[in-house]
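Inside the fold
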Amino acid sequence: MAKRLEILVTSGDLAGKRFEVPSAGLRLGRSSSSDIHIPDEELSRNHCFFECSGESDVTVIDLSSANGTYVNGEAVSSAPRTLKAGDEIYVGSTTLKMIGEEEPSGKDAPARPASDAGGEVDLGFGSAGNQPVGSPDDARQKVSPVLKIVTTAIVGVLLVSIAFVLVFGNPFAKKRAVQAEKREKVSDDIVSFAYEKVDADSSHVFRYAATLASNGELSIEFDDLPHENRQLPSTKKQITDSNRELLEMIFSGDDWKKLKDEYIGESFANVNAYKSWSIKLVRKNGVKKVVVENELEPEEFKRIREKLESTVNNILGVQSIERSREEIEKSVEDSEILADEFWDKRDVEYSNISKAIDAYTLARRDLSLLGASGDSIARIQRKIDEARKELDGRCKKRFEEAGRLQTIGDWEGAREEFAIIREMVPRRDDIRHRDAESGIENCEVNLRKIEKDRKGHRK
């Protein structure tokens, strides 16, 4: 079996040290809790992560560090980068090298500068080392008056600088610390995750996988629905900031922190059955993977994975993964009835058209899961198109009226129009909703300015 690569530090504070990559991986950063702790202000507290891949391979990912991680001069992202012997990794002012059995050991690493060994350093201000010198009086006579003045000035500046740092602290260090603190405020943000569950026995294999890529694309894949033996295409969507907040909340509590890496059992109820769940979460401050296999789920894990499934399905609009055909057919019927009710009452509440579109869309997706005929899906699609056209027209008129009111300086009237638009399209991932919020904010800024001018005139 091939020997796993090791990490050799070739420059920086830890020059000459070697690190093996264990199965749990190694985290490198400025934090004292890092596996490879390097007190370098150019590093993030949690900078990058080395992980085992297969029997002998090692990969590295960047944990959204401020100054980046580079392999042979190329920037590394949050996607794993496989390393090979001889690769050089640059992090801050430190250089690392991947070595195998043929590579030199730590003792062959670059030697430290001679000045570190305690040797004398000639600054050019006088005689060196072994040169003959006269008496102390002769030496004083040979020193130039100009040199005396320059030396005295340099010593004075150094003493003043030292006193300033002692009294007020190092302003540059404080500035770097503040910048580092700002970067660390988002250290818990999710970079990506991969969740998979498998439920198999002698008659079928059911698999469900949800993935959030580092580019913000959320996707799910599932096949062989219970009692249906059907494979369904993957569903993908670019998530919004509000979607990401929902996902981050799932892992923000103590449940995730309490979990061990593995919960492995020999069998699950039936010797011919197999069940497994796994979640790999990549955050800006580290990576954690939890696996439950042929074992009852810990309560903390069960709460997390149920919330994760529910949230992912809601974001992607997939509500019909593990239900029977009868249940899905009933869901289609209920969704269409609800959508028709919202559509009939579209003039009662501003948000009813959007609610009708959402319910029709859910009915159409469930029909697709059932493998329904094209005519059935087309009928629902016509209702969606009609509702969207009506909503587009109403929003356009409201935006035009809001623009007219802004032109004549009626900021209160414009704000009311924008508020209605925001209610008509309540989904925050709709650009019309965001434009309406921006319009409201602009109106409020102008209203505050007018009120301030009025108070100034009264004075």
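Residues numbered from 1 in each chain as written. Predicted model: local features only at pLDDT ≥ 70, side-chain atom pairs only at ≥ 80, totals over all residues. Heavy atoms only, no water.

Before going further, it helps to examine the pairing of strand β11 (residues 94-99). Counting buried residues along β11, 5 of its 6 residues qualify, which places the element largely inside the surrounding structure. Note: strand β1 (residues 6-11) against β11, 5 bridges, orientation antiparallel. Residue pairing for β11: serine 11 is matched across the bridge by threonine 95. Inspection of the sheet shows strand β10 (residues 88-91) paired to β11 by 4 bridges, in the antiparallel sense. When the bridges of β11 are listed, glutamate 88 appears paired with lysine 97. In this antiparallel pair of consecutive strands, β10 and β11, the connection spans 2 residues, and glycine 92 shows a positive phi of 60°. (Buried < 20%, exposed > 50% of the residue type's maximum accessible area, 1.4 Å probe, protein only. Helix = DSSP H or I, 4+ residues; strand = E, 2+ residues; numbered from the N terminus. Pairing = 2+ DSSP bridges.)

Before going further, it helps to spend a moment on the packing of helix α4 (residues 241-250) against helix α6 (residues 299-316). Where α4 meets α6, the closest approach of the two axes is 9 Å, and the angle between their N-to-C directions is 170°. As far as their axial angle goes, α6 and α4 are roughly antiparallel. Here Asn243, Leu246, Leu247 and Ile250 of α4 come into contact with α6, specifically with Ile304, Lys307, Leu308, Thr311, Val312 and Ile315. In the contact of α4 with α6, the residues fall into 7 nonpolar, 2 polar and 1 charged. (Axes fitted to C-alpha atoms, helices over the stretch in contact; angles between N-to-C directions. Parallel < 35°, antiparallel > 145°, perpendicular 65-115°, else oblique. Contact = heavy atoms within 4.5 Å. Nonpolar A, V, L, I, M, F, W, Y, C, P; charged D, E, K, R; others polar.)

Another aspect to go through is the side chain of serine 354. Among the secondary structure elements, serine 354 is positioned in helix α8 (residues 352-369). We classify serine 354 as buried; its relative accessible area is 9%.

A few words now on the sheet that holds β1. Strand order in the open sheet formed by 6 strands is β2-β1-β11-β10-β7-β8, and the pairing between neighbours is antiparallel. Single-partner strands in this sheet number two, and they are β2 (18-20) and β8 (74-75).

Moving on: the pattern of salt bridges. The full count for this structure, using the stated rule, is 25 salt bridges. Put simply, glutamate 336 and lysine 383 hold a salt bridge, and the shortest N to O gap is 2.9 Å. On the criterion of sequence distance, the pair formed by glutamate 336 in helix α7 (residues 325-344) and lysine 383 in helix α9 (residues 374-407) is long-range, its members being 47 residues apart. Residue glutamate 336 is classed as buried on the basis of its relative accessible area, which comes to 12%. As a salt-bridge pair, arginine 428 and glutamate 437 come within 3.1 Å of each other at their nearest N and O atoms. (Salt bridge = Lys/Arg side-chain N within 4 Å of Asp/Glu carboxyl O.)

Counted at 1.5 Å a residue, the expected span for α6 with its 18 residues is 26 Å, and the 26 Å between its end C-alpha atoms agrees. Among the residues making up α6, those that are buried are Phe301, Ile304, Arg305, Leu308, Glu309, Thr311, Val312, Asn313, Ile315 and Leu316. (Expected span 1.5 Å × (residues − 1).)

None of this, on its own, says anything about what the molecule does.
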